[in-house]
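# Analysis of the macromolecular model
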Amino acid sequence: MTVLVCFALVPARPVRAGGSGDGRIHGEIRTRDGRVLDGRMEWGPGRAFWDQTISGVYDERLDIGERTEKIEVFGLKLWEWKEKQHLYLSIRVPFGQIERIERVDDETARLTLRDGAEVGIQRGSRRFDPTDGEIRIETLVGPQEIRWDEVDVVTFRPSSDPAPGAPERLYGTVETTDGSFTGFVAWDRDETRLDESLDGDEGEFLFRDIAEIRQDGSRASRVVLRDGREVRLSGTNDVNRANRGIEIEAGTLGRVTVEWESFVSFRLADPPSSPAWETFTGGPIRGKVVTVDGSVHAGTVVWGGHERFAWEAIDGEIASGIAVAIPFSNTRSVEPLPEGGAVVELLDGTRRKVYGDDTAADARPIAVRGANGSTTIPWADVARVEFGGRP
């Protein structure tokens, strides 16, 4: 099924009044059979906070041109034709940016963002469909679990009252072969809470009882417990090279994903408060593109043909086995490098070389919509992109 995606490039709405609560997702679920449930939610396993994301692919493909196909026999061309090429583009939307989710069918949802834009997404990963753990909602009469196929509409809003017994998140410093990163952690891209377990053939331990996890080669980990004991765990993807990656929400740098070969250790620490609903303001990417011939194009920016929201990210690697997703809202400027890649300057002044499809020598063009219309600028003509400014 094809669902229309409509983007409204308008200024972000003023943030509505409301308490910040405890950073947990809160709102109302209306079911297909007419029930209305209100309370804090856990959207599938481990996603209970505004800065966590719902993932999938855009339900609109990106046209990237044509390629020529042909059939030859003994060097003789019998037939030749052109075939259109498309990309299916992934998307990860923080719950704090979403005002409403409407279930279209088992594979598709329509998201209304807090800045008024609408986005259609389809299943592109297991984290789109909450039926791998249902939506758990804490109502006044007790917790209930709702399957995705029961949902009609979910509307999000903040809660002013901290919840007793709120889950504590994994937090600490991940040491890598190329520096350290501190923030909230998703271990194996899955476990996010202290009440979850680290498993191995030799046993399992709650993360709340662990002080440090150290890589011990490709097949095992050394685990230092808070009571001083040290154990070696092996045999599962929690503790060996089959680990799917350690994700860190590393402040201005955004989401950092560390593969096993680049992982050294994870030192757990007491978690700070999670980001409040009020901190998610949304809106389009705004800035100016300076070209190699000195011309300047200012306005609303669409990066690579599809990324147009300030919460979307520049994706790439900063070192072998260390990937980043840097939000445009955290970025001051991007300067392409002659050999491919780009220098990304963050709002805090940090500069990182980032290599990937978003910054490659053959990266897709940047479009700018300004007061005098739209301009598309080939990546090869870009000298610098500066972010911010008024629409």
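Above this text is the structure in question.
Residues numbered from 1 in each chain as written. Predicted model: local features only at pLDDT ≥ 70, side-chain atom pairs only at ≥ 80, totals over all residues. Heavy atoms only, no water.

Here we come to the side chain of Arg-193. Tracing the backbone through its elements, the reader meets Arg-193 in the loop between strand E14 (179-186) and strand E15 (197-200). For Arg-193, the side chain forms a polar contact with the side chain of Glu-42, separated by 3.0 Å. A distance of 3.1 Å separates a polar atom in the side chain of Arg-193 from a polar atom in the side chain of Asp-195. Non-local contacts of Arg-193, meaning those with residues more than four positions away in its chain, are made with Glu-42, Pro-167, Glu-168, Arg-169, Leu-170 and Phe-207. (Helix = DSSP H or I, 4+ residues; strand = E, 2+ residues; numbered from the N terminus. Polar contact = N/O pair within 3.5 Å; in protein donor to acceptor, adjacent residues only side chain to side chain. Contact = heavy atoms within 4.5 Å.)

Counting 49 residues, the largest nonpolar core has Trp-187, Leu-198, Phe-207, Ile-210, Ile-248, Val-256 and Ile-366 as its most contacted members. Aside from chain neighbours lying at most four places away, what touches Ile-210 is Leu-198, Phe-205, Val-223, Val-224, Leu-225, Arg-226 and Leu-268. Ala-117, Ile-135, Phe-156 and Trp-311 belong to the second-largest nonpolar core, a separate cluster that totals 29 residues. (Core = buried A, V, L, I, M, F, W, Y, C linked by side-chain atoms within 4.5 Å. Buried < 20%, exposed > 50% of the residue type's maximum accessible area, 1.4 Å probe, protein only.)

The next thing to look at is the packing of aromatic side chains. Counted according to the given criterion, the structure contains 14 aromatic pairs. Ring centres of Trp-43 and Trp-148 lie 6.3 Å apart, and the angle between their planes is 70 degrees; on these two criteria the pair is classed as edge-to-face. Residue Trp-43 is found in strand E2 (residues 36-43), and its partner Trp-148 is found in the loop between strand E11 (142-146) and strand E12 (151-156); the two are separated by 105 residues along the sequence. By relative accessible area, Trp-43 is classed as buried at 0%. Look at Trp-148 and you get buried, because its relative accessible area is 2%. When the centroid spacing of 5.5 Å and the interplanar angle of 55 degrees are considered together, the rings of Trp-303 and Phe-328 count as tilted. (Phe/Tyr/Trp six-rings, centres within 6.5 Å; stacked < 30°, edge-to-face > 60°.)

What follows covers the side chain of Arg-255. Mapped onto the elements, Arg-255 comes out in strand E21 (residues 255-258). It turns out Arg-255 is buried and unbridged, and the closest side chain with the opposite charge, Glu-247, is 4.4 Å from it. (Lys, Arg positive; Asp, Glu negative; His and termini not counted. Salt bridge = Lys/Arg side-chain N within 4 Å of Asp/Glu carboxyl O.)

Now for the pattern of salt bridges. Enumeration over the complete set of coordinates arrives at 28 salt bridges. One salt bridge in this structure joins Arg-110 and Glu-118, with 3.7 Å as the shortest N-O distance. Residue classification places Glu-118 among the partly exposed positions, given a relative accessible area of 30%. Salt-bridge contacts for Arg-136 lead to Glu-145; the nearest nitrogen and oxygen are separated by 3.9 Å. With a relative accessible area of 48%, Glu-145 lands in the partly exposed category.

Shape descriptors only; they carry no functional weight alone.
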